[in-house]
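# Descriptive analysis of the structure
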Amino acid sequence: MQSAPLPETLANLLGLDPNSTAVMIVMSLIGAGLIGTLMMTNTALAGPWAKRKITAAFTDRIAVDRIGPYGLFIIVADAVRLLSKELIVPEGVDRPAWDLAPLIIASTALLGFAVIPMGNGIHLADPEVGLAYVFAVASTTSIGLVMAGYASNNKFSFLGGLRAVAQNLAYEIPLILTGASVVIFAGSLQMSEIVAAQQQSLIGPLPSWYAFVNPFAFVLFMIANLAEVGRNPFDIPEAPTEIVAGYQTEYSSVYFVLIYLGEFIHIFLGGAIIATLFLGGPAGPVLPGIVWFLIKIWGVFLFTQWARSAVPRVRIDQLIEIGWKGMLVLSLANLVLTAVIVGVTV
């Protein structure tokens, strides 16, 4: 999928010179604002409203339905309720780290969308190392979790931060190894090239999405992604029955909103990576690419919410064992097998 980046597209639409540095800086900021607004809108729908509706459907309950049509105004009500609360700063916190942690958690996930192709011309940048950039940015969120846990001066928060580190170490490596198997198939780290490699037909009308080409890698990536975004059975860093709320125990008001926002943005970033690597990115019949892209990331979100409602939480020792003894071995085997298949067939 070769197309001009969003800043250049905006410059051409407005009749401006795309070769001007000043114009491209302004267009890049506008493009980043548009993509950020799109993802924040999805997050606003997912967090206060869709999460409750989906969970209620899975557990045979009635969700929010009295505040506005279909309960949609709960988004506004929750925003007002949370932002109007007092920001309580506990005694003994490491204030700079405590203040920065929510900002890091919320902002790092948003940065990943800069190189995600969402449709024809709807991507901010398309570097040759796009996939490496996305993985690097996504893993930076762990720094915010550790800072929140350590700086809160709370034993439950500290345990949550330690669990977050252990979990990310155990599942980040299988995630990257599985993503590397897609790179071997596509022959590139560039996100647009990975999407373009999935445009051909596999068998008849079945597209050559890597979810069909290598379903084993797709399943491994989906499971590792659950651990990365902290959804059942891997929500150990914030297990409410064990450590209250983990790393976010001492946060309130706008800081809690930022952490909650970062959690859902990270889920959608995981969905965007899965859609790009395994589901053809924005590819799809009839509908515009951006519509298909949103359908796919919401499909991944639906899966994470199903797991949250249906899959029991594992113990911390089981989580580590699954990651190091199971996922790592399987993802490495998948990588080697993919390399052999590609080496033989090319």
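Residues numbered from 1 in each chain as written. Predicted model: local features only at pLDDT ≥ 70, side-chain atom pairs only at ≥ 80, totals over all residues. Heavy atoms only, no water.

Below, the discussion takes up unusual backbone geometry. In the segment running from Asn232 into Pro233, the intervening peptide bond is cis, with an omega of 5 degrees. Structurally, Pro233 can be placed in the loop between α9 (215-229) and α10 (240-243). The phi dihedral of Asp60 falls on the positive side, at around 55 degrees, and the residue is not glycine. Relative to the assigned elements, Asp60 resides in the loop between α2 (21-58) and α3 (74-83). (Helix = DSSP H or I, 4+ residues; strand = E, 2+ residues; numbered from the N terminus.)

A cluster of nonpolar side chains, contributed by Val146, Val165, Leu169, Ile173 and Trp324, occupies part of the molecular surface with about 390 Å² of accessible area. Broken down by element, the residue count for the nonpolar patch peaks at 3 residues, all from helix α6 (residues 155-186). Within the element layout of this structure, Val165 appears in helix α6. (Patch = residues over 30% accessible without salt bridge, like charges linked within 9 Å, V, L, I, M, F, W, Y side chains within 5 Å. Areas by Shrake-Rupley, 256 points an atom, 1.4 Å probe, with all protein chains shown as cover. Salt bridge = Lys/Arg side-chain N within 4 Å of Asp/Glu carboxyl O.)

Within this structure, the stated rule accounts for 8 salt bridges. The closest approach of N and O atoms between Asp78 and Arg52, which form a salt bridge, is 2.9 Å. Note that Asp78 is positioned in helix α3 and Arg52 in helix α2, a separation of 26 residues in sequence. In this structure Arg52 comes out as partly exposed when scored by relative accessible area, which is 33%. Two residues, Lys325 and Glu321, come together in a salt bridge whose shortest N-O distance is 3.9 Å. With Lys325 and Glu321 both in helix α13 (residues 316-345), this residue pair falls 4 residues apart, about one helical turn. Each of Arg52, Asp78 and Arg81 takes part in salt bridges that share partners, so that together they form one network. (Buried < 20%, exposed > 50% of the residue type's maximum accessible area, 1.4 Å probe, protein only.)

With that settled, consider the environment of Pro282. Along the chain, the position of Pro282 falls in the loop between α11 (253-278) and α12 (289-310). The class of Pro282 is buried, set by a relative accessible area of 7%. Taking the C-alpha atoms as reference, Pro282 lies 35 Å from Ile320; in sequence the two are 38 residues apart.

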